[in-house]
Amino acid sequence: LLIALVISRIPLPKNMLYDKYYEASKQLERRKIVKNEGSTLVVHDRFKDLIKKSYSLKNSQSFLLLEKCSSQESVLLIDLLYIYLTYNMYEEIRDTLNKHFDYLVKNGFDTMLFDFIKNVEEKEPVVQIDFIIKKMVLVERRADYDLLGMYLDITENMIDTYSEYFYLREYLKYRYFYFKCMFEEMFNNFWNNFQDIQSYPKDIYLQILFIIGRTYYIQGDMETATEIYYYIFNIAYSNLLSNLCIKSLHRICI
């Protein structure tokens, strides 16, 4: 508990600690090592640096505790990742990133994640395709399409066509075509490879179709765009993809 409090950059939520660590928390409070701050528990400042210098902070139980608390405070997952990096725990880094990447992105940690992945790559110079793909997702979210294009070139021959990363890269490629206004290249790529694209995982296939439909829409071909959105709705409905059903209905209404 003490190590978890020391290595977290923010106070930890008491309601996540007290069920298993109640006695330990109270003992640390009595010794004036930690203090209550509203609904959280934090180490007194005068102890934090001392404990960091005196103890190895590599402790699996403290990591598990931080991961548990991160369900309330997302930033703790970033703390965990940097702690793993300090101790060259690359397997744990990959597991945590793969498990929580989408969650962290949805919570607005794009810049922190991009910087963290760059730090990992500097310490571990072997090229890791999963790190590159994650950076591609992050640069696309911030609309840096020139950098995304560079990553697309780098990864063109690096990914096995049966890899999950291949399908995500394909989706990002169509996003790149769209936002760079490369419509002719997009349509050629799509129709020349349509049979293969139909075999992609359903959510990726439909997301690519959304981009194709939107391109017809902005070019003024409302009929083709609407037909594509109806087609997406039917496939999404039959595959219980409710979020894509709603998205397609929204497009049809427009």
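Please refer to the structure placed before this passage.
Let me sum up the structure you'll find in this document. (Residues numbered from 1 in each chain as written. Predicted model: local features only at pLDDT ≥ 70, side-chain atom pairs only at ≥ 80, totals over all residues. Heavy atoms only, no water.)

**Observations concerning the sheet that holds strand β2 (residues 34-37)**
- Reading across the sheet, the 3 strands line up as β1-β3-β2 and stay open at both edges, with antiparallel pairing between neighbours. Both outer strands of the open sheet, β1 (12-13) and β2, are each paired with one neighbouring strand and no more.
- The pairing of β2 with strand β3 (residues 40-43) spans 4 bridges and is antiparallel. What sits directly across from N36, in β3, is L41. (Pairing = 2+ DSSP bridges. Helix = DSSP H or I, 4+ residues; strand = E, 2+ residues; numbered from the N terminus.)

**Description of the nonpolar core**
- Among the nonpolar cores identified, the biggest contains 89 residues, and I93, L97, L113, Y174, L206, I208 and I212 are the most heavily contacted of them.
- In contact with L97, not counting residues within four places along its chain, are L81, L113, F116, I117, F131 and K134. (Core = buried A, V, L, I, M, F, W, Y, C linked by side-chain atoms within 4.5 Å. Buried < 20%, exposed > 50% of the residue type's maximum accessible area, 1.4 Å probe, protein only. Contact = heavy atoms within 4.5 Å.)

**Section: a nonpolar patch on the surface**
- Judged by side-chain polarity, Y217, I218, M222 and I254 come together as a nonpolar surface patch covering roughly 390 Å² of accessible area.
- In this fold, Y217 is placed in helix α13 (residues 202-218).
- Here Y217 falls in the partly exposed class, since its relative accessible area comes to 34%. (Patch = residues over 30% accessible without salt bridge, like charges linked within 9 Å, V, L, I, M, F, W, Y side chains within 5 Å. Areas by Shrake-Rupley, 256 points an atom, 1.4 Å probe, with all protein chains shown as cover. Salt bridge = Lys/Arg side-chain N within 4 Å of Asp/Glu carboxyl O.)

**Quick notes on the pattern of salt bridges**
- For the structure shown, the criterion picks out 10 salt bridges.
- For E37, the salt bridge is made with K35, and the minimal N-O distance between the two is 3.7 Å.
- Using a relative accessible area of 37% as the deciding quantity, one classes E37 as partly exposed.
- As a salt-bridge pair, E170 and R169 come within 3.8 Å of each other at their nearest N and O atoms. In this pair, the class of E170 matches that of R169, namely buried.
- Put simply, R169, E170 and K173 are held in one network by salt bridges that share partners.

**Focus: the pairing of β3**
- Neither face of β3 is exposed, since T40 and V42 on one face and L41 and V43 on the opposite face are all buried.
- With 2 bridges joining them, β1 and β3 adopt antiparallel strand pairing. Bridge pairing links L12 to L41 in β3.

**Remarks on the state of the cysteines**
- Applying the stated criterion across every chain yields a total of 0 disulfides.
- Among the cysteines around C253, which has no disulfide bond, C245 carries the closest sulfur, lying 13 Å off. (Disulfide = S-S within 2.5 Å.)

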